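Topology and contacts: notes
What follows is each chain in one-letter form.
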Amino acid sequence: MHPRLIRNFSIIAHIDHGKSTLADQLLLKTGAITERQFRDQILDDLDVERERGITVKARTVAIHHEYKGETYELNLIDTPGHVDFAYEVSRSLAACEGALLLVDAFQGVQAQTVANAYSAVNANLTIIPVVNKIDLPVTRIDEVLHEIETVLGLDPDEALRVSAKKGINIDQVLDAIVERIPHPAGQPDDPLRALVFDSKYDTYRGVVTYLRIKEGTVRKGQKIRFMKAGLVHDVLDVGQFRPEPTPCEELGPGQVGYIITGVKELGKVHIGDTVSDPNNPPAEPLPGYKKPQQMVFCGMYPIEATDFEKLREELQKLSLNDSSFSFTPETSDALGFGFRCGFLGLLHMEIIQQRLEKEQNIDLLQTAPNVTYELLLRGDKTMLLDNPQNVPDAGSIEEFREPIAKVNFIVTSDHIGAIMKLCEDRRGVYKTTEFLSPQRAQIVYELPLAEIIYDMHDKLKSVTRGYGTMDYEIIGFREADLVKLDILVKGVRVDALAMIVHRSVAERRGRAICKKLKEEISKHQFEIPLQAAIGGRVIARETISALRKNVTAKCYGGDITRKRKLLQKQKEGKKRLKQFGEVEIPQKAFLSVLEAGNDE
Amino acid sequence: MSSEILISPHDGATTPVRRPASDAGNRVPRSAYIHVPFCAHRCGYCDFTLVARRDDLVTPYLDALEQDLQTLADPQPVDTLFFGGGTPTHLDPAALRRLIELACGWFPLHDAAEFSVEANPFGLDEEKIAVLADGGVNRVSLGVQSFDLEMLRFLERDHTGDDALHVVDRVRRRIENVSLDLIFGVPGQTRELWQQTLDQAIALAPAHISTYGLTFEKGTTFWSRRLKGTIAPVPDDLERAMYGDAMDRLTAAGFVQYELSNFARPGRECRHNQTYWRQDPYFGHGPGAARYLRGKRSMNHRSVTTWIRRIQAGESPIAEIDELSPEDRAREAIYLGLRQADGVSRRELFERTGFHLDDLAAAAIREHVGAGLLSDDGESLRLTREGRFLADTVSGDFL
């Protein structure tokens, strides 16, 4: 297929602005799927994603559109919608020449719209603004167009008005893709250069490598080289996603599809690598991607110690399809053997945990998440710290640095004060305010990542009654007065409850955690003192009084069965408890460290 | 029952080994329970199987019960017969008479059998008492709960303290063996008030007293009021002190605490309830009733109308079957044994279940004996006084 007849594009949007629905409409209108298939969000093929209505992994599909008597091939490269997966967004965008910027006709420009639009501009893409949900009973289309102009610098006259749900003006979108987005450059006879933008492990076929051909042609049966990995393989199969994998003979310049090369290990295919022809090598590989940095860590421990190996296997399997997730074995005095796992963000963490518990049926005990810290040690050494348990002796630390994020809020004007208060309370540094319209403003703060990963999003939603949105990017590490806060339960230091906090909030946080633990740990037959301490100094204390009475009077006839089952259930529940010295601590208590922040 | 200690042929030492047990469940049932699911109204704390203001169902209930009893094929002589509720004495005299005749027809009473009926003070008049006495009832368990009007109103009981006092006299003129149920830990109840209730009960000199800590059961109005925060359980320490008062005062007055919540004059223990706690087999009929036959416990459907409908349609009224493995049965035996003053006898447990107590629960025994909650004389394991306060915690560890 001639590059002139190819268009590669993404849809970028804030969450819930209708991206998946629009994608499905495009598929439906071009005959790639049936009316019945349309009812499901077919681009999201992971259960967890469908459940949460978000896309985690990039997906791709080739559709055909008739325009002025010619058939065009439009390749839609789907992008994840959540800030945790910004890295995957940039990967997808690099494989496109244009993007549909989808904005909700009522909600207007939101934080992720801005973030994604900037990514698209930086990637030199042609942007087509699309105002979606024009069928809603209440819309603010004119204001939304104004926002598109002032915030994003796009021409509002170029914006399309559609309803993805009702299928209104979808043809205009398809035509605009052909008319406005430039066709890919590159010639079929050039030396082959194809960008590896994703990969997936298939049990039967091995690694499926997702490609965007920049120049040249890849054919079934030829030899190719992964330039970075330096490995040469035979191309066993070539195909496109329509949306089902559909084999074809070749992929030419501009086309998007997959190859299967018999590689069995996902780790051997590097995202961002360049595929070339060993017999006709190009001068240079394509510019790749930088590896995403894991910023959020937590410990995951099997409740049953015997599940340790099973957990290791499952983590390995998950990491096959998600290279942005890491795990290394660790031990805790309190929890035994487990893994320290690294994630792109909190949502990413939740998704992995859910998969392990739901799909693999492993009961997990998860410690409160923490960010990565950078420590400058005496002797000019720096170290990255992803576990509060490993904080070195205070005397050896020259500088304790924490990751800082630039956070972009979009809120209505009457909530500006609330957002500023929220940020000031969390050690934020104010940057700018910009009015998108008389009613809405964009506020930029620099905030410690640790302060936003826990509950910033929930707090934002609550102080703005659901209307505020935020997005952030990590801008580097900054020195801060940080200390390790230890928690002692009946005199025993519980390493898995240790956390790193700013000295100014240590006492308040310590008190809140002790209070929370008091609620979570049930009474024992003895008194349990709970203490928060920095070094040897106790800064907060609570006491759980001894259990004094636990006897149910009635136990008659059939009640014996009911009563016995009740007690058995309680005993079963105890399996989710971990024993520390003489005290049993429930799983929930380990996360209460997080919730304790909410009470402040 | 003789203890069988097998002699190992090799070393000659006496080594008790697990052997097929003489299964308690396989013995012939000597007890029967009949559930009578009618009340004038449902009290706020009650989650028992019953219907209020549905006296129109009494005849269909009795018809269904008659049909259901026919599945027994032959009359089954028993040593204990128990009518529980609901309020069996809510039935009018004619219905009550029919119920007794029905039950005694299918469960003929042996000499010296115990025939208990639960009753509420309200409406228990001379006529009904006569029906009971003439029908052979020789034990009445009265749902007195309290003598204090304020407590009774809170519990939504329909009688007064005076009603209770009078009805005890009235019953005893015909049926001497009377038991009183009392509830403590009622929101608003002070320790003094509870002590006074105990003393009033003692002054009546009944044969038997049961004391219950108020519990908040799912599905009751008390449960939802507690969730809403309009009522709160009394503090732990107060409830503990009240239970302690019951043990102290009743024991001092000559009652024996033969089970966690049951106190009796010597020889006046409720033999029917002991059947349950000893894991002996028993028949059970009526909505929500349980039976324990051939090692299997099964429960009837708890809905009165469903129970009736099923029997009318010739279907089984059973909604749930609880079949325990030999080990779980042994564990349940320990759990039930600990509720009783006699505790768990190692010898008896082994004879009945084929399991050794120490094989099943060495760690739990060590822990709770160490904490002073259990006493162990080498043969039997019993809750200590302190252990009784924490009976659920302790006995739960044996399940």
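Note that the coordinates shown come from a computational prediction; the quantities given were computed from them, not determined experimentally.

A tally of helices and strands in chain A yields 15 helices and 34 strands. Split into buried and exposed, the 600 residues of chain A put 56% on the buried side. Put simply, chain A shows about 25,200 Å² of open surface, and 48% of that area lies on carbon and sulfur atoms.

A few words now on the interface of chain A and chain B. Counting from both sides, the interface comprises 24 residues of chain A and, opposite them, 44 residues of chain B. Between chain A and chain B lies a buried interface of about 3,100 Å² when both sides are counted; carbon and sulfur atoms form 52% of it. Along the contact surface separating chain A from chain B lie eight salt bridges. The partner of D322 of chain B in a salt bridge is R564 of chain A, and the shortest N-O contact between them spans 2.8 Å. Here the residues of the side of chain A that touches chain B sort into seven nonpolar, seven polar and ten charged.

Let's shift gears to the sheet that holds strand β13 (residues 296-300) of chain B. Residue and element names in this part refer to chain B. Spatially, three strands are ordered β12-β13-β14 in an open sheet, and the strand pairing comes out antiparallel. Taken across any chain shown, the strands that pair with only one partner, and hence form the sheet edges, are β12 (290-293) and β14 (318-323). The average undirected angle you get between the axes of adjacent strands in this sheet is 20°. Pairing between β12 and β13: four bridges, direction antiparallel. Bridge pairing links R291 to S298 in β13.

Right, let's talk about the pairing of strand β7 (residues 178-184) of chain B for a bit. Residue and element names in this part refer to chain B. β7 sits mainly inside the fold: seven of its seven residues count as buried. Burial along β7 is two-sided: the face carrying V178, L180, L182 and F184 and the face carrying S179, D181 and I183 are both buried. Of the strand pairs in this sheet, strand β6 (residues 139-145) and β7 are connected by four bridges, and their pairing is parallel. Residue S141 lies in a different strand from β7, and its bridge partner there is S179. Direction of pairing for β7 relative to strand β8 (residues 208-213): parallel, over a ladder of six bridges. Bridge pairing in β8 links L182 to T211. A crossover links β7 with its parallel partner β8, the connecting element being helix α6 (residues 191-203), and its sense is right-handed.

All names here are of chain B. Considering all chains together, one arrives at 25 aromatic pairs over all chains under this definition. Ring geometry for Y33 versus F82: centroids 6.0 Å apart, planes at 25°, classification stacked. With Y33 in strand β1 (residues 31-36) and F82 in strand β4 (residues 78-85), the pair connects residues that are 49 residues apart, well separated along the chain. The burial state of Y33 is the same as that of F82; both residues are buried. On the basis of an interplanar angle of 90° and a centroid distance of 5.7 Å, the ring pair of Y243 and F389 is categorised as edge-to-face.

Turning to unusual backbone geometry, a few remarks are in order. The peptide bond linking R242 of chain A to P243 of chain A adopts the cis configuration, its omega dihedral lying at -15°. Looking at where P243 of chain A falls in the secondary structure, it is placed in the loop between β12 (237-241) and β13 (245-247). The linkage connecting G85 of chain B with the following residue, G86 of chain B, adopts the cis geometry, with an omega of 20°. Relative to the elements of secondary structure, G86 of chain B occurs in the loop between β4 and α2 (93-106). With a phi angle near 65°, Q145 of chain B is a residue other than glycine that sits in the positive phi range. If you trace the backbone, Q145 of chain B turns up in strand β6. One non-glycine residue, R294 of chain B, lies in the positive phi region at around 50°.

Take the confidence of the model for chain A next. Per-residue confidence for chain A gives a mean pLDDT of 85, with 90% of residues at or over 70. Confidence over residues 42-58 of chain A falls short of pLDDT 50; this stretch has 62 contacts with residues more than four positions distant or in other chains.

Looking now at the pairing of strand β15 (residues 256-260) of chain A. All names here are of chain A. Of all five residues in β15, five are buried, a share of seventy percent or more. The side-chain alternation of β15 yields two buried faces, one formed by V256, Y258 and I260 and the other by G257 and I259. In the sheet, β12 pairs with β15 via three bridges, with the strands oriented antiparallel. Within β15, the position partnered with D237 by the bridge is I260.

Moving on, we get to the state of the cysteines. Structurally, a disulfide amounts to a covalent bond that connects the sulfur atoms of two cysteines. Residue and element names in this part refer to chain A. In the structure shown here, the tally under the stated rule is zero disulfides over all chains. Unpaired in this structure, C298 has its nearest cysteine sulfur neighbour in C341, at a distance of 5.8 Å. Residue C298 is classed as buried on the basis of its relative accessible area of 0%. Under the relative-accessibility criterion, C341 is labelled buried at 0%.

On to helix α5 (residues 111-122) of chain A. With twelve residues, α5 of chain A should reach 16 Å at 1.5 Å per residue; the first-to-last C-alpha distance of 17 Å fits that figure. N124 of chain A lies just past α5 of chain A and shows a positive phi near 65°.

Note that side chains of opposite charge can pair when their charged atoms are close. In this structure the tally under the stated criterion is 56 salt bridges over all chains. The residue D47 of chain B makes a salt bridge to R562 of chain A at a minimum N-O spacing of 3.5 Å. Placement of D47 of chain B in the loop between β2 (38-39) and β3 (51-52) and of R562 of chain A in helix α14 (residues 559-573) is noted, with the two residues assigned to different chains. Connected via shared salt-bridge partners are R140, E143, E147 and R440 of chain A.

The next point concerns the side chain of S163 of chain A. For S163 of chain A, the position within the fold is in the loop between β6 (160-161) and α7 (170-180). Among the polar contacts made by the side chain of S163 of chain A, one reaches the side chain of D135 of chain A at a distance of 3.0 Å.

This part takes up the sheet that holds strand β17 (residues 380-383) of chain B. All names here are of chain B. Pairing within the open sheet is antiparallel, and its three strands lie in the order β15-β17-β16. The two strands at the open ends of the sheet, each matched to only one other strand, are β15 (344-345) and β16 (374-376). Across the face of the sheet, helix α13 (residues 357-370) comes into contact with β16 and β17 while running at roughly 120° to β16.

Per-residue pLDDT for chain B has a mean of 91; in total, 93% of the residues score no lower than 70. Overall fold confidence for the complex sits at a pTM of 0.62, while the interface term, ipTM, reaches 0.83.

A few words on a negative patch on the surface. Residues and elements named next belong to chain A. Taken together, the side chains of E149, D155, D157 and E158 define an acidic patch exposed on the protein surface. Here D157 is to be found in the loop between α6 (141-152) and β6. On the accessibility criterion, D157 (72% relative accessible area) is exposed.

A cluster of nonpolar side chains, F106, L136, V138 and Y467 of chain A, forms an exposed patch at the surface whose accessible area comes to about 360 Å². Here Y467 of chain A shows up in the loop between α12 (456-463) and β27 (469-479).

Residues and elements named next belong to chain B. With respect to the secondary-structure elements, T353 resides in helix α12 (residues 346-353). Its relative accessible area of 14% is what places T353 among the buried residues. Here the side chain of T353 touches L349 through a polar contact of 2.7 Å, landing on its backbone oxygen.

Residues and elements named next belong to chain A. Across the eleven residues of helix α1 (residues 19-29), nine count as buried, placing the element largely inside the fold. Those residues of α1 that fall on the buried side of the exposure criterion are K19, S20, L22, A23, D24, Q25, L26, L27 and L28. Summarising the contacts, the buried residues of α1 are in contact with β1 (6-13), α2 (35-38), β2 (60-67), β3 (70-77), β4 (98-104) and α7. Count one or two residues on from α1 and you reach G31, which has phi positive near 80°.

We now examine the environment of F122 of chain B. All names here are of chain B. One can find F122 in the loop between β5 (109-119) and α3 (126-134). Along the primary structure F122 and D158 are separated by 36 residues, whereas in three dimensions their C-alpha atoms are 6.4 Å apart. Excluding residues within four positions of it along the chain, F122 makes contact with D158 and H159.

All names here are of chain B. Of all hydrophobic cores here, the largest spans 90 residues; its most connected members are Y61, F83, F107, L142 and F398. Counting residues per element, this core draws most heavily on α2, at seven residues. In terms of domain composition, this core takes at least three residues from each of domain 1 (25-277) and domain 2 (325-396). For Y61, the contacting residues outside a window of four places in its chain are I34, H35, V36, P37, F38, L99, P287, W307 and I308.

About the thresholds
Residues numbered from 1 in each chain as written. Chains lettered and ligands numbered in written order. Predicted model: local features only at pLDDT ≥ 70, side-chain atom pairs only at ≥ 80, totals over all residues. Heavy atoms only, no water. Helix = DSSP H or I, 4+ residues; strand = E, 2+ residues; numbered from the N terminus. Buried < 20%, exposed > 50% of the residue type's maximum accessible area, 1.4 Å probe, protein only. Areas by Shrake-Rupley, 256 points an atom, 1.4 Å probe, with all protein chains shown as cover. Contact = heavy atoms within 4.5 Å. Buried area = accessible area lost by both parts, 1.4 Å probe. Salt bridge = Lys/Arg side-chain N within 4 Å of Asp/Glu carboxyl O. Nonpolar A, V, L, I, M, F, W, Y, C, P; charged D, E, K, R; others polar. Pairing = 2+ DSSP bridges. Axes fitted to C-alpha atoms, helices over the stretch in contact; angles between N-to-C directions. Right-handed = clockwise from strand over helix to strand, strands pointing away. Phe/Tyr/Trp six-rings, centres within 6.5 Å; stacked < 30°, edge-to-face > 60°. pLDDT = per-residue confidence, 0-100. Disulfide = S-S within 2.5 Å. Expected span 1.5 Å × (residues − 1). Polar contact = N/O pair within 3.5 Å; in protein donor to acceptor, adjacent residues only side chain to side chain. Patch = residues over 30% accessible without salt bridge, like charges linked within 9 Å, V, L, I, M, F, W, Y side chains within 5 Å. Lys, Arg positive; Asp, Glu negative; His and termini not counted. Charge placed at Lys NZ, Arg CZ, Asp CG, Glu CD. Core = buried A, V, L, I, M, F, W, Y, C linked by side-chain atoms within 4.5 Å. Domains from an automatic or database assignment.

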